[in-house]
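Given next are the chains, with one letter for each unit.
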Amino acid sequence: MIKSLQARQEPLAKSEAQVAWLENEGGGERFSSKLQDCGLYPLRATGVTVLQVNLGKMCNQVCKHCHVDAGPDRKEIMTKETMQQCLDVLASTDIPVVDLTGGAPEMNPHFRWFVEEISALGRKVMVRCNLTIILANPKYHDLPEFFKKHQVEVVSSLPAVTALRTDAQRGKGVFDKSIKALQMLNAVGYGQEGTGLKLNLVYNPSGAFMSGSQEALEKEFKSRLSSRFDIIFNQLYAITNLPVSRFLEFLVESGNYDAYMDGLIEAFNPAAAEGVMCRNTISVGWDGYLYDCDFNQMLDLKVAVKNGVHIKDYNAIALNEREIVLGQHCYGCTAGAGSSCGGQTA
Amino acid sequence: MDKTYYNPDDLKKFGDIAEFQPELAEKFFDYYGSVFKEGALTEREKSLIALAVSHAVQCPYCIDAYTKDSLQKGVDEEQMMEAVHVAAAIRGGASLVHGVQMMNKVKEVTM
């Protein structure tokens, strides 16, 4: 298993080094000026309908494209105190959806308590489950039942319907375990019609190329997963890899950085820019700091709100109409049909 | 080697063919765009056909372009290689089937 950039002491492990690379290498029109051309600058939030909470960088996998630089060697996880601060914010606002991510969020010892508390507040919970965690240890085997009990929407990555492509991106043996975990989720009712238990898959390209049509990929995945493994799911979200952390390192090391960025810039779509998810999302870091999105979180670009960059100082009025912090990486969300944690946006 | 007949950067300049003959280029690119849209065949199927044909006509630009395009459309390595084998089988078969012509001629002119 490979190690995180941080454990390998790679220069790009540091967020400042990544930002410097993105802003200075490769050239290309500034993202902000591109937005100016289509009348979207400054880009402002339109409210907050999703609180995306990163429960930590600890993970049982070390995916080559991970923008979090997560892995077993990362120990940063959210404390119960910070989770309580998130709950306090939820109680004082009407944010309807909480999107739990990581790392593997389930590895946080307070994960189940947090899900129960969010459910008790009547908010919808989504969990970004890497699938293999369900099989990683007997204590996780009942996760499908737990998710079902709290009507958690499960969103899981699967870059291909073959072991070769999947394991190349996510680690040896991940494909077979993912298939088994999907079957376990199906067995308790996930993805099955009439149960209301949503199982959505995420397709991230496993290399320096963009995703094709989400609709066509979903059709292909549904057909092949069903015929080969008897697996069903609800929707497939095609998500573009952003040049952040390990994916940035891959692009640089493989000599694909310039061509990939040129491709993203060339495919800039104003309609996708209008629908970017940062406009209705707040991303909470494992230490409680607030960001416009999970990518800005990894680049340590905090929200542009004076005296309100931590969950304990959550200022709903200011955050609802804040100006989004932009960078060259933002081209990843505005290329082609657009990209967000919920798939295409345009 | 400093210079080769094929330069990967030239692929990006494909549209420049309009510089010398805009009207025909426009017609070609319109047609090209329409061909690859989803129809009775999916865009994915068309991409795989294009990949196979790229190998049959041995066009390095096309091989680069349709390898990437196939990947984007979720085609995996095994499927791509099978498409190349289809091209190879047709190319090989096209040579071999002419063996019948050779045999016909042999039979015509020999005792």
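For the structure, see preceding data.
In this text the structure is predicted, and so the values were computed from the model without any measurement.

### Notes on the overall build of chain B
In step 1: Each helix and strand counted, chain B has four helices and zero strands in total.
In step 2: Listing the helices and strands of chain B from first to last along the sequence gives α-α-α-α.
In step 3: Overall size of chain B, expressed as C-alpha extent along the three principal axes, is 60 × 40 × 35 Å.
In step 4: Residues classed as buried in chain B amount to 21% of the 111 residues present.
In step 5: Within chain B, contacts between residues at least 6 apart in sequence are counted, and of these 47% link residues at least 24 apart.
In step 6: Summed over all atoms, the accessible surface of chain B reaches about 8500 Å², with 63% contributed by carbon and sulfur.

### A closer look at the sheet that holds strand S7 (residues 281-284) of chain A
Within a beta sheet, neighbouring strands are joined by backbone hydrogen bonds and run either parallel or antiparallel to one another.
Residues and elements named next belong to chain A.
In step 1: Reading across the sheet, the eight strands line up as S6-S5-S4-S3-S2-S1-S7-S8 and stay open at both edges, with mixed pairing between neighbours. Both edges of this open sheet fall to strand S6 (236-238) and strand S8 (290-291), since each of them pairs with a single strand only.
In step 2: Looking at chain direction, strand S2 (residues 97-101) and strand S3 (residues 124-128) are connected through four bridges and run parallel. Directly across from Leu100, in S3, lies its bridge partner Val127.

### Some thoughts on the packing of aromatic side chains
In step 1: Applying the stated criterion across every chain, the model contains 19 aromatic pairs over all chains.
In step 2: Here Phe28 of chain B and Phe29 of chain B contribute two aromatic rings whose centre-to-centre distance is 5.3 Å and whose plane-to-plane angle is 70 degrees, an arrangement assigned as edge-to-face.
In step 3: Given a relative accessible area of 31%, Phe28 of chain B falls into the partly exposed group.
In step 4: Members of the aromatic cluster, connected to one another through ring pairs, are Phe14, Phe28, Phe29, Tyr32, Phe36 and Tyr66 of chain B.
In step 5: Of note, Lys80 of chain A hangs over the ring of Trp113 of chain A, and the distance from its end group to the ring centre comes to 4.6 Å.
In step 6: Directly above the ring of Tyr289 of chain A sits Lys302 of chain A, whose terminal nitrogen or CZ lies 4.8 Å from the centroid.

### A look at the pairing of strand S4 (residues 153-157) of chain A
Residue and element names in this part refer to chain A.
In step 1: Of all five residues in S4, five are buried, a share of seventy percent or more.
In step 2: Judged by which residues are buried, S4 turns out to be covered on both faces: Glu153, Val155 and Ser157 on one side and Val154 and Ser156 on the other are all buried.
In step 3: The pairing of S3 with S4 spans three bridges and is parallel. The residue bridging Arg128 from the neighbouring strand is Val155, located in S4.

### Quick word on the pattern of salt bridges
Here the idea is simple: oppositely charged side chains can pair when their charged atoms come close.
Residue and element names in this part refer to chain A.
In step 1: Considering all chains together, one arrives at 23 salt bridges over all chains under this definition.
In step 2: In this structure, Arg8 and Glu249 form a salt bridge, with 3.5 Å as the shortest nitrogen-oxygen distance. Within this pair, whereas Arg8 is found in the segment before helix H1 (15-24), its partner Glu249 is found in helix H10 (residues 245-253), the two being separated by 241 residues in sequence.
In step 3: The exposure class of Arg8 is partly exposed, given its relative accessible area of 33%.
In step 4: Take Glu249: its relative accessible area is 13%, and that puts it in the buried class.
In step 5: Among the ionic pairs, Arg224 bridges to Glu220, the shortest N-O distance being 3.6 Å. Of the two residues, Arg224 and Glu220 are both situated in helix H9 (residues 214-229); the distance of four residues between them amounts to about one turn of the helix. Neither residue differs from the other here; Arg224 and Glu220 are each classed as buried.
In step 6: Each of Asp69, Arg74, Glu76 and Arg246 takes part in a single network of salt bridges with overlapping partners.

### Details of the side chain of Asp292 of chain A
Residue and element names in this part refer to chain A.
In step 1: Mapping Asp292 onto the fold places it in the loop between S8 and helix H13 (294-298).
In step 2: A polar contact of 2.5 Å, which involves the side chain of Asp292, links it to the side chain of Arg322.
In step 3: A distance of 2.8 Å separates a polar side-chain atom of Asp292 from the backbone nitrogen of Val325.
In step 4: For Asp292, the residues in contact, after removing those within four places along its chain, are Cys278, Thr281, Ser283, Val303, Arg322, Glu323, Ile324 and Val325.

### Considering the packing of helix H2 (residues 43-56) of chain B against helix H4 (residues 77-109) of chain B
The angle between the axes and the distance between the axes are what describe a pair of packed helices.
Residues and elements named next belong to chain B.
In step 1: Close contact between H2 and H4 brings their axes to 8 Å; oriented N to C, the two are set at 50 degrees. Of the possible angle classes, the one that applies to H2 and H4 is oblique. As for how H2 packs across H4, the hand of that crossing is right-handed. Of the residues in H4, those in contact with Arg44, Leu48, Leu51, Ala52, His55 and Ala56 of H2 are Gln79, Met80, Ala83, Val84, Ala87 and Arg91.
In step 2: Among the residues making up the contact of H2 with H4, the classes are represented as eight nonpolar, two polar and two charged.

### A few points about the interface of chain A and chain B
In step 1: The interface of chain A with chain B comprises 13 residues on the first partner and 10 residues on the second.
In step 2: For the pairing of chain A and chain B, the buried interface totals around 1000 Å² over both sides, and the portion due to carbon and sulfur atoms is 49%.
In step 3: Taken together, the connections running from chain A to chain B amount to three salt bridges.
In step 4: Viewed at the interface, chain B and chain A are joined by four residue pairs in polar contact (both at pLDDT 80 or more).
In step 5: Mapped onto the side of chain A that touches chain B, the elements with two or more residues apiece are helix H7 (163-170) and H9 of chain A.
In step 6: Tallying contributions element by element places H9 of chain A first for the side of chain A that touches chain B, with four residues.

Calculation notes
Residues numbered from 1 in each chain as written. Chains lettered and ligands numbered in written order. Predicted model: local features only at pLDDT ≥ 70, side-chain atom pairs only at ≥ 80, totals over all residues. Heavy atoms only, no water. Helix = DSSP H or I, 4+ residues; strand = E, 2+ residues; numbered from the N terminus. Buried < 20%, exposed > 50% of the residue type's maximum accessible area, 1.4 Å probe, protein only. Contact = heavy atoms within 4.5 Å. Areas by Shrake-Rupley, 256 points an atom, 1.4 Å probe, with all protein chains shown as cover. Pairing = 2+ DSSP bridges. Phe/Tyr/Trp six-rings, centres within 6.5 Å; stacked < 30°, edge-to-face > 60°. Lys NZ or Arg CZ within 6 Å of the ring centre and 35° of its normal. Salt bridge = Lys/Arg side-chain N within 4 Å of Asp/Glu carboxyl O. Polar contact = N/O pair within 3.5 Å; in protein donor to acceptor, adjacent residues only side chain to side chain. Axes fitted to C-alpha atoms, helices over the stretch in contact; angles between N-to-C directions. Parallel < 35°, antiparallel > 145°, perpendicular 65-115°, else oblique. Left-handed = near helix turned anticlockwise from the far one by under 90°. Nonpolar A, V, L, I, M, F, W, Y, C, P; charged D, E, K, R; others polar. Buried area = accessible area lost by both parts, 1.4 Å probe.

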